[in-house]
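Overview (structure and organization)
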Amino acid sequence: MTDIARLSVPLTLWLISFSGLYGLHGLVCSGHWTRLAGSGAEVAGQTALIAGFLAALLVQAVAVAVLWTQRFGGPPGFVRTTSLALALVALVATLWTLGPSVALPACAWPSATVAG
Amino acid sequence: MTDPKPARRAEALRLHRKLLPIWSSDQRFRGWLTTNNNNDIGGLFLIVATIFFVIGGILAMLIRAQLASPGSAFMGPEAYNQVFTMHGTVMMFLFAIPFFEAMAVLLLPGMLGTRDLAYPRLGAYGLWVYIFGGSAVIIAMLLGLSPDGGWFMYPPLSSSAFSPGIGPDVWLLGITSIEVSAIAAAVEVVVTVLRYRAAGMSLARMPIFAWYILVVAVMILTAFPPMILGSLLLEVERAFGWPFFQTENGGDALLWQHLFWLFGHPEVYIIFLPAAGMIATILPVMARTRLLGYAWVVAAVVALALLSFGLWVHHMFTTGIPHMGLAFFSAASTLVAVPTAVMIFSWIGTLWQGKPRLELPMLWILGFFATFVIGGLTGVMLAIVPFNWQVHDTHFVVAHLHYVLIGGYVFPMIAAVYYFLPLLTGHSRFFKLGEIAFWITVPAFHLTFLAMHWAGILGQRRRTWTYDAGSGWEWINLTASIGAFAMAIGFALVIGDVVVNTLVARKARRNPWGAGTLEWATMLPSPVYGLASIPVIAGRYPLDDDPQLALRIARGEGFLADTSRNRRETLIVSTTGGEPAQVAVLPGNSVLPFILAVVTSTSFLAPLVGAYLLSGAALIGVVVVALIWAWGLGSKADEGPVDAGRGVTLPLSTEVPDPPGWWGSLMLLLADSVHFGSLLFGYAFLWTVAPNWPPPSYLAPGAVDAVLAGAGAVALLAGPRWAARSILKGAGPWPGLVLAVLGAVALAGAATGIILARPDPAGHAYDATLWLLAGHVGLHVAITAIMLGYLTARVLAGYTSPRRIGDARIVQLWADFTALTGLVALAAAWLPGVFG
Ligand code: HEM
Ligand SMILES: [Cu+2]
């Protein structure tokens, strides 16, 4: 079962941070957030999203580092290679899919859908 | 000197004769209802799934007949809506998923080098639930009562206000019961792949299909629960008015879309991956080589599976989502192309390095390539937002989705049927109808659906019963309809060809394709017991490594060739390395799965005719039958380690701390966790975005509630542990069991407090959610309480001992889940009240 965990944990962590950040984004763009954060809500929201993004990156980097060690990554062979490859995939996936949190304003809606 | 060869052959025959009576199903009529052998179950599954494919196909022909000419009077809108909804529903839920499950049930034990799946009776149960649920859906259609809101059933169209009939209920209850069957099959597949394999089959030596189907089964366990929750919410809303999707009362129709697509997007891969696994299995054999980049393909499958859970919102791009949310999901959607590409390149590379031969399975795989690539390209077109807005909900989308579904699923599955025909029937193809069928089906397919793209671009909307003359679509539609009827003839020929070659054809010789994997090590057709003994393997292609292996297996040179214990036994190995670990004793023929399926289906389907009382009674029946079922397993005396052959002694799977039932429970609880997680997601979603929130008031917990919850959870965690430890020490488990019961009662008390404080679940979505959270706690407390009672009876009857600790450990697992999720559920219910 340890081997199954080695193979599945890194991308599961990606899924958790991806859903988590999407959830945070929903919260940041809701009325609750303005009530909570007051006048600085917009800046606070953007900061929170960027912080979440960086934390997710850190988690994935740690996963790669841990799987690199002999102790947690296991002996050389199929599982070690495959799980390391998947951990790198998870790191790239985090960078690629959550990157927009740095690049875009948190709560801008496309004009076409605001009207509808 | 005598020639040793006939002597050895006689030995194989003797073993065969001994194994047959142990594994055979009842030859009388009742054998149909009592068999749980994977050959029988898989075969029935396959036949029933094919029947549903034919039904779905007939509905497709009705659609095309209607659309062949403008203003057609063949069907009115009411009928047309039912027909396309049922076509989509039947094809997706009653054909596509069960069909690959059938293939897995038939083939997996042989591929893994074991004799049967981990839970033969569960397999039988899943089959019958599927047959009953599917038949109910079809009968409702024949009575004109089918759903008509499209296969994804969006509310508010499917809410009682706009669909007052029972159509949506047929869908919600019927499809949910079939999902229960799929979850049963998934639990079985996961545990089988992880634990039931040939000796020496480490993870790295598993046949590639085992990886694909393992991943798919885990996806079923994690993708179906959100859908089951969505169906539950919608059904409860329709039946009792709990307003989960009604905006006026704090609900939100978009919640359905989230829950549906949390399931629906992974579903696309759940359908595609088994077909891909078949291609990865068949293609190398057809190319007389080995799969290129095994490890890369495994990594791609795992990556694809997990990434596919982060895409669901791309089905909701037009629902008003901020730029950043759109960007998250666009980015994730582009990313999944990478693992798919890895697979495709592996296949192309395999073809490249091999010497392909153009047998019929290969022909269908080429058909797959030609079709799937086009479907992939139109998929990329659809991912481009402005183009998407242009063709959204037109026949362009219909054309695209059939390129992927038929090209990416049906064609490879036909290849698989032909490839495995000798294994399943013992016959090699004699009548060459198959080639003709291929050359009719594939061109006709392209005629039909290529044409449909243009209709879509010109603006013909999907799910629309007719169009006007002079729209410029007449010729396109007529072409598509002619193509569709030709394609139907092609598919009919394929089915006819398979049937004829099954019934009469020449006998196949062993391993006719020269494959290297273990499923081909048996005589043909594969006998009921599968392998005469469990082999020891040292590579990914054992039949290539040792050409004599099949004969060795037949002569009983592997594990468990000794039949003197006169029961169905197979090997359990360690997950990673495949070292022999336990001897599993599989149950024999039984009618219990059939009976349990009858009561389960009754409890699901009775509400359709308003028979809630009957449904409740059937639910009690489910509990009773399940208890009888469980009671019949296990034994009253320790047997100790047994001789597994080859000089190895192993413990029985009933005399270890982690028996198969424990593993199965773990997998079931994985699905249950996702279900619970979806419930919390729904709650958080409503709290964050539903327009009519906050509710008039929040519920705040009293001190008594909090104490009941905390103490109850602790007692429920500690009690079963204590009891299990006592049994292990040979002492009486009573103090632990009493503590556990007290814990269950306390948790139930806390949940009841919520219900009493908020008596009107139909008032606001918040109250409805509270009832659901309390219901989650109540249901699991009830399950745990029943299990505790069962364990008590088992202890009293002498079914437990320090060796036979499995029952107690299974109860402990369920109690842990109940305590932990119970605590979270109650905390979630009280949280808004505490903070504001
Ligand atoms: C046998 C050949 C088939 C033909 C001629 C065909 C034809 C059609 C047509 C014309 C529609 C659109 C109806 C409309 O929107 O007005 C449709 C919808 C659909 N088809 Fe097929 N189909 C075939 C096979 C399949 C298969 C094998 C699958 C799945 C494995 C499938 C899944 C679907 C789904 C999911 C829909 C959408 C239903 C909805 O809009 O709710 N079809 N089909
Ligand atoms: Cu999707």
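Because the structure is a prediction, the values reported are computed rather than measured. (Residues numbered from 1 in each chain as written. Chains lettered and ligands numbered in written order. Predicted model: local features only at pLDDT ≥ 70, side-chain atom pairs only at ≥ 80, totals over all residues. Heavy atoms only, no water.)

**As for the domain arrangement of chain B**
Accessible area lost during the coming together of the parts is what is often quoted as the interface size. Residues and elements named next belong to chain B. Worth spelling out the cut-off: Segmentation of the chain into domains, including their bounds, is taken from an automatic or database domain assignment. Contacts are residue-level and defined by heavy atoms, with any inter-residue pair within 4.5 Å sufficient. Buried area is a sum: the accessible area each of two parts loses on coming together, probed at 1.4 Å, counted once for each and added. Salt bridges, as used here, are contacts in which a Lys or Arg side-chain nitrogen is within 4 Å of a carboxyl oxygen on Asp or Glu. Any pair of nitrogen or oxygen atoms within 3.5 Å is treated as a polar contact; in protein, a donor-acceptor pairing is required on top of that, and neighbouring residues in sequence qualify only through side-chain atoms on both sides. Residue polarity follows a fixed list, in which Ala, Val, Leu, Ile, Met, Phe, Trp, Tyr, Cys and Pro are nonpolar, Asp, Glu, Lys and Arg are charged, and the others, Gly among them, are polar.
Considered domain by domain, chain B is made up of domain 1 (4-17 + 515-650) and domain 2 (694-835). The centre of domain 1, based on its C-alpha atoms, is set 35 Å off from the matching centre of domain 2. Facing 12 residues of domain 1, the contacting portion of domain 2 comprises 10 residues. Both faces considered, domain 1 and domain 2 share a buried interface measuring about 1,000 Å² in area, 59% of it formed by carbon and sulfur atoms. For domain 1, the biggest contributors to the area lost against domain 2 are Trp631, Lys636 and Asp638; these three give 57% of the whole. Remark: the boundary between domain 1 and domain 2 carries 1 salt bridge. Summed over the shared surface of domain 1 and domain 2, the result is 6 residue pairs in polar contact (both at pLDDT 80 or more). Considering only residue class, the side of domain 1 that touches domain 2 consists of 7 nonpolar, 3 polar and 2 charged.

**Here we look at the interface of chain A and chain B**
Spelled out, the test is: Only DSSP runs of H or I covering at least 4 residues are called helices, and only runs of E covering at least 2 are called strands; the numbering of each starts at the N terminus.
Listed as interface residues are 40 residues of chain A and, on the opposing side, 37 residues of chain B. In total, chain A and chain B occlude about 3,300 Å² of area from one another, counting both sides; carbon and sulfur atoms represent 84% of this. By the criterion of area lost to chain B, the three top residues of chain A are Met1, Tyr22 and Phe78 of chain A, representing 21% of everything that side buries. Our count for the chain A to chain B interface comes out at 4 residue pairs in polar contact (both at pLDDT 80 or more). Residue assignment for the side of chain A that touches chain B shows that the elements contributing at least two residues are helix 1 (2-28), helix 3 (41-68), helix 5 (78-98), helix 6 (100-103) and helix 7 (111-115) of chain A. Looking at the side of chain A that touches chain B residue by residue, the class counts come to 28 nonpolar, 11 polar and 1 charged.

**Overview of the environment of Ala85 of chain A**
Residue and element names in this part refer to chain A. Under the convention used in this document: Whether a residue is buried, partly exposed or exposed follows from its accessible area with a 1.4 Å probe, protein chains only, as a fraction of its type maximum: under 20%, in between, or over 50%, in that order.
By the secondary structure assignment, Ala85 is in helix 5. By relative accessible area, which is 27% here, Ala85 ends up partly exposed. Sequence separation between Ala85 and Val64 is 21 residues; the distance between their C-alpha atoms is 9.0 Å.

**Observations regarding the packing of aromatic side chains**
Residues and elements named next belong to chain B. Operational definition: Pairing of aromatic rings covers Phe, Tyr and Trp, the last counted by its six-membered ring, and requires centre-to-centre distances within 6.5 Å; plane angles under 30 degrees mean stacked, over 60 mean edge-to-face, and any other angle means tilted. Sitting over a ring, as applied to charges here, requires NZ of Lys or CZ of Arg to be within 6 Å of the ring centre and within 35 degrees of the ring normal.
Under the defined criterion, the tally for this structure stands at 58 aromatic pairs over all chains. Ring geometry for Tyr467 against Trp473: centres 6.0 Å apart, planes inclined by 50°, an arrangement best described as tilted. Across the pair, Trp473 and Tyr467 agree in class, each one buried. Of note, Arg429 hangs over the ring of Tyr418, and the distance from its end group to the ring centre comes to 5.5 Å. In this structure, Arg794 packs its charged tip against the face of Trp631, placed 5.1 Å from the ring centre.

**Examining the coordination of the iron atom of ligand 1**
All names here are of chain B. In plain terms, the rule: A 2.8 Å cut-off from the metal defines N, O and S donors, relaxed to 3.2 Å for Na, K and Ca; water is not in the atom list, so some sites may appear incomplete. Under the classification used here, a metal with four donors is tetrahedral if each angle lies between 85 and 135 degrees, square planar if opposite donors are over 155 degrees apart and the others between 65 and 115, a six-donor metal meeting that same test is octahedral, and anything else is irregular.
The protein atoms donating to the iron atom of ligand 1 are His87 (NE2) and His402 (NE2), with metal-donor distances spanning 1.9 to 2.0 Å. Relative to the metal, the 6 donor atoms surrounding the iron atom of ligand 1 lie at angles of 89 to 180°, and the coordination shape comes out octahedral. Here the residue His87 occupies a position in helix 4 (residues 77-112), and His402 occupies one in helix 14 (residues 395-425), the gap between them amounting to 315 residues. With respect to class, His87 is no different from His402; both count as buried.

**Points about the site of ligand 1**
Residue and element names in this part refer to chain B. Filter applied, for reference: Nearness is defined per residue: one heavy atom within 4 Å of the molecule or strand is enough.
By nearness alone, 24 residues border ligand 1, and Tyr80, His87, Trp151, His402 and Arg463 come closest of all. Take Arg462: an N or O atom from its side chain is 3.0 Å from an oxygen atom of ligand 1. At a separation of 2.7 Å, an oxygen atom of ligand 1 approaches a polar backbone atom of Arg463. Of all the secondary structure elements, the ones that give two or more residues to the shell around ligand 1 are helix 3 (38-67), helix 4, helix 14, helix 15 (433-457) and helix 16 (474-503). When grouped by side-chain class, the residues that make up the shell around ligand 1 number 16 nonpolar, 5 polar and 3 charged.

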